[in-house]
Amino acid sequence: MTAPGIGKIPYGGDYNPEQWPEAVRDDDHRLFTQARIDTLTVGVFAWSLTQPAEDAYDFGVLDGILERAAAEGRRVCLATGTAALPPWLARAHPDVNRTDFEGRRHRYGQRHNFCPSSPAYKSAATALAGRVAERYAGHPALLAWHIGNEYGGACYCDLCAEAFRRWLREHHGGLDALNDAWYTAYWSHRYTDWDQIEPPSALTEHWRGPDHTAFQGITLDYLRFTTDALLGCFLAEKEAIREHSPETPVTTNFMGMYRPLDYHRWAPHLDFASWDNYPPLDAPPTWPALAHDLMRGLKDGAPFWLMEQAPSTTACRDVNPLRRPGELRLASWQAVAHGADAVLYFQLRASRGACEKYFGAVIGHAGRDDTRVFREVSHLGREFELLGDTPLGARTPARTALLFDWDSWWALEISDGPSRLVRYQDQVHAYYRAAREAGADIDVVPVTAGLRAYDVVLAPALHMVKGDLAGRLEAVAARGGTVLTTFLSGRVDTHDRAFLADVPGPLAPLMGIRVDEWDARPADTAHPVTLGDDKDVVHTDARLVFEIVLPRGAEPVGTYQADFYAGTPAVTRHRFGERGGEGWYVATALAQPGVDWVVRRVLARHDLIGPYADHPAVETATRVAPDGTRLLFLLNHAPEPARLTAHATATDLLTGKRSERSEPLTLDPLGVAVLRLR
Amino acid sequence: MTAPGIGKIPYGGDYNPEQWPEAVRDDDHRLFTQARIDTLTVGVFAWSLTQPAEDAYDFGVLDGILERAAAEGRRVCLATGTAALPPWLARAHPDVNRTDFEGRRHRYGQRHNFCPSSPAYKSAATALAGRVAERYAGHPALLAWHIGNEYGGACYCDLCAEAFRRWLREHHGGLDALNDAWYTAYWSHRYTDWDQIEPPSALTEHWRGPDHTAFQGITLDYLRFTTDALLGCFLAEKEAIREHSPETPVTTNFMGMYRPLDYHRWAPHLDFASWDNYPPLDAPPTWPALAHDLMRGLKDGAPFWLMEQAPSTTACRDVNPLRRPGELRLASWQAVAHGADAVLYFQLRASRGACEKYFGAVIGHAGRDDTRVFREVSHLGREFELLGDTPLGARTPARTALLFDWDSWWALEISDGPSRLVRYQDQVHAYYRAAREAGADIDVVPVTAGLRAYDVVLAPALHMVKGDLAGRLEAVAARGGTVLTTFLSGRVDTHDRAFLADVPGPLAPLMGIRVDEWDARPADTAHPVTLGDDKDVVHTDARLVFEIVLPRGAEPVGTYQADFYAGTPAVTRHRFGERGGEGWYVATALAQPGVDWVVRRVLARHDLIGPYADHPAVETATRVAPDGTRLLFLLNHAPEPARLTAHATATDLLTGKRSERSEPLTLDPLGVAVLRLR
Amino acid sequence: MTAPGIGKIPYGGDYNPEQWPEAVRDDDHRLFTQARIDTLTVGVFAWSLTQPAEDAYDFGVLDGILERAAAEGRRVCLATGTAALPPWLARAHPDVNRTDFEGRRHRYGQRHNFCPSSPAYKSAATALAGRVAERYAGHPALLAWHIGNEYGGACYCDLCAEAFRRWLREHHGGLDALNDAWYTAYWSHRYTDWDQIEPPSALTEHWRGPDHTAFQGITLDYLRFTTDALLGCFLAEKEAIREHSPETPVTTNFMGMYRPLDYHRWAPHLDFASWDNYPPLDAPPTWPALAHDLMRGLKDGAPFWLMEQAPSTTACRDVNPLRRPGELRLASWQAVAHGADAVLYFQLRASRGACEKYFGAVIGHAGRDDTRVFREVSHLGREFELLGDTPLGARTPARTALLFDWDSWWALEISDGPSRLVRYQDQVHAYYRAAREAGADIDVVPVTAGLRAYDVVLAPALHMVKGDLAGRLEAVAARGGTVLTTFLSGRVDTHDRAFLADVPGPLAPLMGIRVDEWDARPADTAHPVTLGDDKDVVHTDARLVFEIVLPRGAEPVGTYQADFYAGTPAVTRHRFGERGGEGWYVATALAQPGVDWVVRRVLARHDLIGPYADHPAVETATRVAPDGTRLLFLLNHAPEPARLTAHATATDLLTGKRSERSEPLTLDPLGVAVLRLR
């Protein structure tokens, strides 16, 4: 099953008419029409309304909302509404409330607040999902099912402890295997009964916080268990829906690079992926781009939905800047360029009260249509209308893959040593950014993905190497491709046990190196590094971790220029196999210019540098529609115009203008072009 | 009832002879006499002595202290002694101990440690207060009653949960009203039973800390409830006192700008206000001045007591600087200048042990009278003696009001968005400071105060607008006055619900503007702002929040010079009504020079710039005695002499010197003059 | 009893073959032989193996390890293995788990995790220690007993509360004495029953954290109680060992300057001292040197063991740098120079899993002998072999003593006022460093130590003065010696009660000064200070605390140059007694150059400046063997060669080279010489 369609990009967002009187709802629909809003996400937090007591359901409000939507010609992404507990449930069954990492049983409050192991929660949530599905399965407005909301967090209660122990039995078999996996001969931890195992928390293994554990093995397993436990909640609701609604696609909104949950474990169970895009303040445009590509990679490249984005400001941050004129449009087209087949906002109308009242909305508290934000939203609505169904179902023809692995993320960041300053996302993003700014389309894929389609595989910070991955990477090189990995890769197995071999463990043959020791330095220490040779020398620097590389077949591409390892390799490449394949190893956290230099060298080997790579602020992205139509999205992230020379003849679908190859092609500041190449 | 009198400014402070043997007490009184100390605050933490067990009272120690005081001709401000629990009570009734914000039931320790909803505490404290009052009501030394001490903090136990629910019933009536007020349609929070409501804490709505709540409504109500619950403790003791002592004035010592308690809710219940002045390190002199004026505003301008100040260092801070020579005298006269009719210290003799042993005292551990501090205290004692009853009961003839509103303070600082960096006190102080340094006397008043006496009303950061306030502010302008407000004003109603109107909501007609959007930026981002016009142009900058103002009748007075809103108004003024009144709006956090410029423009409209406004280090303050005597206090906060030209003929009551109008008038470094103008 | 001997410096470290299969163990012994490793610390965390259930012991693993060690000619430092609970014990007896400072009962996890007051823990640990001792008492491989591991932390459970009350009864006698000691007349704390006393924690007296207490008295006593409670665990195990093994020496590994435990209370109960040396990142070499000397001072100057050090990186820190080439050797020789008679590592082989898998080891995960680290370890092994028994039992002939006092450390750092920025270790280290860099050998001794052997006694930050200490310091000066103390000394008695006298209390007569007041300033405020006179003037600065000194017999040696106390003394000296003795007082936190200047003045009075004092990077240390052999260790801490002129004729035991007096003597970068002077 794939994302549901309405013949164009669904456009709209979260809508909570239950918070408003009738007159306001009238106004809403008038304004929606004005802004070409056709899709409403409804009922996400409606539990306390739809089920005001254990034995009472009241669908009056939802009925009205869906009827009105249908009458107005709009479609609904209908939520089961189970992401926030109703007060009566928390009062009647205190165990639906979570126990937090500090061991404190919570009381009623907030949202995303349920214990995933609580039978009371699960049966109530599943019952509600079934009731909602039963009632609205055939509704003409129904477009998709939206289960829960932004699943996340974790619980550490005794019910979870029990569930964890069951999970461990299933995944380890016996206690001997578990003791071996967790290395419990260390620090007298050998378990002799399943009941002795406690969730890893501030009260057990994590005295110094969530990233500091005495036993990485138990902590990794709890992260996997939590992923599965929350997935279990999703699946129970999905099953309840499927009883009544076998065909309408089901999703839940993810959060991009969200560490607590391994979305790759969830991906097979969604009919289509969707996510909420709230990039960090001042993140470069490649940051959300990476998240888009990660989300697209969940379903093997199939288009996804942008389920939420802020039309203007956020509210939950310490400082909430405004999206400047043009930024919203640019970010929305970026989503489409990376594979989004829907563009939705949180939120359509600003709530009056509670913690998101200052969260930006399409319609503000004054209900006006003459605000800057409303005008920009409306303009974008017209563009999507104009575009019609052209991009729907289109896929990205990437020849570069970037491996993204939650296990490596977790293992790297809960590690004691060598440096807490190394952050998985930073390392992954640096390589992604380099390749994107060089013009490469990239698939961000799990470590289990097939790699045959790719000429280049980037595997930064691949701390954990599982299964046959090393062999599959070697196969890439064996057929002439290039594999790149970095410091702190190839270190541990699936249980976070060090490989009893030279670093980088199973990757060593491909990389042709050996690492015996590694230095770490504070964030303000930069060591100079020289890349290239006399003909093309680049001086950059590196930080955080400095592995000392002994080449065992590889040749140096860059060298350290400081400390006692001055003159030794910082970057190497290794010919591998008969067909000119190579393994590249970057032994330190190079500054971005260094990463750029390395990645462009690698891409150039396979002719993967894009036509506008000299304009780093101009992002390009290609999508190929089912009918073969090739769309090239040009996104100018700079506040100045971009003056390009067209690399091909094409028509801009937003303006209808045709641009000829080799002629000037100008993008406005923050401008967008959607070029049909064929 | 007003502050009690002894024919001069009461001078002395907290005194704990119960910690010392008889010989030391002899010494104390000798030294008190030497320093002209006539007033002793006694018994503040004596509970465990006066009631050593549930059924045993022992007044021997207090008897001795009061007898000795009377014999020496001193007067006593007698505490009920209920601010710190005795160990036996905490052991016998564990529920007298608080449960903290993290949900942890405390055990015995510290002070200000009682649960305000505990019947055991309340009955014990009330009984003690009654006993103390019964015993000392007619005592010749008795000057005033001092209930508790620095009321503050909060409790989150189940008793408080019950009391909170009762409070909510009283204040909201029914659950529907409460659900509406708290906007519980959001995030599935609709309550169907009072018992479902939990105190807002780290375990319920505040996962990220006290200022981060999912529902501002419940948090605001808990702040109000806590204010009232602690007030209930005060009132119960006051009632017990009144049974035996109907006429002696009752107070409790406040803490100036203390966020947790809305002192305006307490003010009607005190016979006179008193407070403890411990300004933050390196605060400008206008900081304590603002607090003085706030305290004076509690009882409609009536004089208050300075109940505590440090004679030299504090101890509780990370770094505790010394008050340099002259600083104590200057601060003490500043208190009197702003309306204090008593000047008291914490503490008269330094304790030997526990956490305040290094807190500065009039008499140190060595018991000397030849220390710098003792000499300065004695000198000041002589000055107060010299002054006699001249200032007693004198009032400040202010024509400028500054609105201070705990609800706005709370609402602003628990808000999600636009910026956690905006702090209420900072904004209020910036405008207060500008007006004070321009020489204006200011009444700092609640939003319910009558505004007829004022030409200028400053209402910075008036986030919440309640009741008929907007109308009363319009009335100020309608009769020709000027009202100034700032960004983030006029946003929410009494339950923190956004107004469904253009920003600044009910203030918009007066301000003649409309605000659709607002930017926020990190603390290190400063945007240039230009104020005035060609004839008088000032370049300053602004930070934190930048509202984008659309004039709707107002004219720009200042404009942004950066970002996409460059050229739009940063400051506006709006003619309002027939009599030349104006509404001024400052749409961003101007740097102090910008605030100064704006405020002086406003004051100048009403001829409220003081005669020494060109000497920003020279503070002036006027008090008018009941007999019409006009006192002008001149306070030189600079470490250099201030060379002024006298604006009027006057006599300095401290020196007896007469200064003629237009002749030179010099103040010593940190010098003080108390000029009798009539 | 003293440290056990094997005719040379024992060399080796922590070894955990129980984590490995047989083949790896074979490899281990081969590599040990290669590296001259002869001593293995075994069984530290083996509890869950040796006692897999309450009623089951299994000594198979330990038997094998010791047999193999004996067969290979190696000796074993055998641990009782009680430092980490086995899971079954925590499950069966939840009260063996600690309750933390926040009042949270922990569940199973981590290590060093037992409640010292739990009868279940104590009986189980003692039983295990007895069993281990019974089995291995006569084993030929046995060299020493190692009880527990790095004792530390604290527990706040109800069992500890009970034990604390018992401890208080023993140490205070009655409640009146306790109330007096703790100054409970303050803040209504007078206790009328022992049961009212709660452990001082976040829930009682410490609302703002471990260093912030309302009552210093109770907190000091809890620190003493915790020291004694953990010592009780040690002693119970030692007694159990002694039943079976009356002669083998017993130790436990300390942690140098470890604040939570007063090692001086433990010292008499160890047969020899041992400690784990993990200096802070970028600490100067005098930092570990101070810790070495402190450890040597525990047993009156007897040699100690270096029980652990990292052969390369640590893992537990945020950033874990590599020990650069030569640093390990230098640090090891520094230990020997300061009195270590054994040099051991943590760890011999890197564990595969858990939180120390990246902790540096002699043998890495790949099991290689051709790594840099293995080569350096082997080289050092050969050097120790070469040295033979020469240094064993040798003592340091110091004429300078530095007082180190846990009570002063605690009292200073839990004090409210004058400045939280003053840290005991920083102040002590500054004076130690100055004296060491001037070439003085130093004994770091408790305040109860005999002082007759010393010409100079340095007593920085001696906040608490107990017993007859002041008199013994006066005696030092009376016989012509020099005593130096600093600001914040002589302030409180053994219960943290201020002396009712001029500051510095009992030290005032010796210092000839009086201090009435003291300023404190933020860390970034430096006040200039001038030291010396016209002939030898030095300009330096000072920070944090500035006491204002009134000389009462003393003469100024340095003066403040800023603030209102400019021109008053910052450093004084006072002639005391008939024999030219002096008391020096430093009233502020001088910058290191100022401390250096002062300390060199003091040392010069007694001809204690070393021959290489002009080379601050060259550390010297003397040891005198039982046979009178005088060894001078020269340690070059610089990365450049040190070119000295030999001050005496000597032979370098590491090279066999003889150097003649007055001839050049060169040390390599990070080089070491062990000169035999006789």
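Where an unreviewed UniProt entry is consulted, chain A appears under the name Beta-galactosidase, with the organism given as Streptomyces avermitilis. Quoted verbatim from the Catalytic activity (unreviewed entry) field of UniProt, the annotation for chain A is "Hydrolysis of terminal non-reducing beta-D-galactose residues in beta-D-galactosides." Quoted verbatim from the Sequence similarities (unreviewed entry) heading of the UniProt record, the comment on chain A is "Belongs to the glycosyl hydrolase 42 family."

Engineer: I tried to follow the overall build of chain A on my own but got confused; where do I start?
Structural biologist: A tally of regular secondary structure across chain A gives 17 helices and 27 strands. Taken along the three principal axes of its C-alpha coordinates, chain A extends 75 × 75 × 40 Å. Put simply, chain A has 678 residues, and 67% of those count as buried. For chain A, the computed accessible surface area is about 21,300 Å², with 49% contributed by carbon and sulfur atoms. If you average the places of the 70 positive and of the 88 negative side-chain charges in chain A, the two averages end up 3 Å apart.

Engineer: Would you take a moment to explain the nonpolar core for this structure?
Structural biologist: Generally speaking, nonpolar side chains in soluble globular proteins are found buried as a group. The biggest cluster of nonpolar side chains holds 214 residues, and the ones touching the most others in it are Leu 78, Trp 333, Leu 403 and Leu 473 of chain A together with Ile 197 of chain B. In terms of residue count, the dominant contributor to this core is helix H5 (residues 119–136) of chain A (8 residues). Apart from the residues within four sequence positions on either side, Leu 473 of chain A is in contact with Leu 403, Leu 451, Val 457, Leu 462, Val 483, Leu 507 and Leu 510 of chain A.

Engineer: Sorry, what's going on with the packing of helix H8 (residues 216–244) of chain A against helix H13 (residues 406–413) of chain A here?
Structural biologist: Angle between the axes and distance between the axes are the two parameters that describe a pair of packed helices. Residue and element names in this part refer to chain A. Between H8 and H13, the shortest axis-to-axis distance is 10 Å and the interhelical angle comes to 140 degrees. Compared by their axis directions, H8 and H13 come out oblique. Judged by the twist between their axes, the crossing of H8 over H13 is right-handed. Across the interface between the two elements, Leu 220, Leu 223, Arg 224 and Thr 227 from H8 touch Asp 407, Trp 410 and Ala 411 from H13.

Engineer: Where do I start with the interface of chain A and chain B in this structure?
Structural biologist: Interface size is often expressed as the accessible area that is lost when the parts come together. Contact residues are listed per partner, giving 51 residues for chain A and 56 residues for chain B. There are 11 salt bridges connecting chain A and chain B. In this structure, Glu 198 of chain B engages Arg 107 of chain A in a salt bridge whose closest nitrogen and oxygen atoms are separated by 3.1 Å. Here chain A is connected to chain B by 33 residue pairs in polar contact (both at pLDDT 80 or more). Counting residues per element, the ones that place at least two in the side of chain A that touches chain B are helix H2 (47–50), helix H4 (87–92) and helix H12 (372–387) of chain A.

Engineer: Any chance you could explain unusual backbone geometry here in plain terms?
Structural biologist: Across residues other than glycine, the phi torsion is negative in most instances, and most of the peptide bonds are trans. Cis rather than trans, the peptide bond between Phe 346 of chain B and Gln 347 of chain B has omega equal to 20 degrees. Following Val 503 of chain C, the chain continues to Pro 504 of chain C via a peptide bond in cis, the omega torsion being 10 degrees. Examined against the element boundaries, Pro 504 of chain C turns out to sit in the loop between strand E13 (482–486) and helix H16 (508–511). The backbone of Leu 544 of chain B sits at a positive phi, close to 70 degrees, despite the residue not being glycine. Within the element layout of this structure, Leu 544 of chain B appears in strand E16 (residues 536–551).

Engineer: It is not clear to me how the sheet that holds strand E25 (residues 658–659) of chain C should be interpreted in this structure. Could you clarify?
Structural biologist: The pairing of strands in a sheet comes from backbone hydrogen bonds and takes either a parallel or an antiparallel form. All names here are of chain C. One open sheet holds the 5 strands; their spatial order is E21-E22-E27-E24-E25, and the pairing between them is antiparallel. A single partner strand is all that each edge strand has here, and the edge strands are strand E21 (618–624) and E25. Where E21 and strand E22 (residues 630–636) come together, 7 bridges link them in antiparallel fashion. Across the sheet, residue Arg 623 finds its bridge partner in E22, namely Leu 631.

Engineer: I would appreciate a short explanation of the relation of the copies chain A and chain C in the present structure.
Structural biologist: Each copy of the chain is related to the other by a rotation around an axis and a translation along that axis. If you rotate chain A by 120 degrees and push it 0.0 Å along the axis, it lands on chain C with an RMSD of 0.0 Å. Taken together, the turn and the small shift mark the pair as related by a three-fold rotation axis. Among all residues of chain A, the one whose C-alpha sits closest to the rotation axis is Arg 104 of chain A, at a distance of 5.3 Å.

Engineer: Mind showing me how you'd approach the interface of chain A and chain C here?
Structural biologist: Of the residues lining the interface, 56 residues belong to chain A; the matching set on chain C comes to 51 residues. Approximately 5,000 Å² of surface area, both sides summed, lies buried where chain A meets chain C, with 53% of it carried by carbon and sulfur atoms. The three residues of chain A that bury the most area against chain C are Tyr 183, Trp 187 and Ser 188 of chain A, which together make up 15% of that side's buried surface. On the surface where chain A and chain C come into contact, there are 11 salt bridges. Here Asp 563 of chain A and Arg 324 of chain C are joined by a salt bridge, their closest N and O atoms 2.8 Å apart. Seen at the junction of chain A and chain C, the total is 33 residue pairs in polar contact (both at pLDDT 80 or more). For the side of chain A that touches chain C, the elements supplying multiple residues, two or more each, are helix H6 (158–172) and strand E14 (513–520) of chain A. Broken down by element, the side of chain A that touches chain C gets its largest block of residues, 6 residues, from E14 of chain A.

Engineer: Could you clarify how one ought to interpret the UniProt feature "domain: Glycoside hydrolase family 42 N-terminal" (unreviewed entry) in chain A in this entry?
Structural biologist: In this numbering, the UniProt entry assigns the feature "domain: Glycoside hydrolase family 42 N-terminal" (unreviewed entry) to residues 14–385 of chain A. Secondary structure across residues 14–385 of chain A divides into 40% helix and 10% strand, with the first and last C-alpha atoms of the span separated by 20 Å.

Calculation criteria
- Residues numbered from 1 in each chain as written.
- Chains lettered and ligands numbered in written order.
- Predicted model: local features only at pLDDT ≥ 70, side-chain atom pairs only at ≥ 80, totals over all residues.
- Heavy atoms only, no water.
- UniProt positions renumbered as here; feature names shortened; annotations may be inferred.
- Helix = DSSP H or I, 4+ residues; strand = E, 2+ residues; numbered from the N terminus.
- Buried < 20%, exposed > 50% of the residue type's maximum accessible area, 1.4 Å probe, protein only.
- Areas by Shrake-Rupley, 256 points an atom, 1.4 Å probe, with all protein chains shown as cover.
- Lys, Arg positive; Asp, Glu negative; His and termini not counted.
- Charge placed at Lys NZ, Arg CZ, Asp CG, Glu CD.
- Core = buried A, V, L, I, M, F, W, Y, C linked by side-chain atoms within 4.5 Å.
- Contact = heavy atoms within 4.5 Å.
- Axes fitted to C-alpha atoms, helices over the stretch in contact; angles between N-to-C directions.
- Parallel < 35°, antiparallel > 145°, perpendicular 65-115°, else oblique.
- Left-handed = near helix turned anticlockwise from the far one by under 90°.
- Salt bridge = Lys/Arg side-chain N within 4 Å of Asp/Glu carboxyl O.
- Polar contact = N/O pair within 3.5 Å; in protein donor to acceptor, adjacent residues only side chain to side chain.
- Pairing = 2+ DSSP bridges.
- Least-squares fit on C-alpha atoms with pLDDT ≥ 70 in both.
- Buried area = accessible area lost by both parts, 1.4 Å probe.

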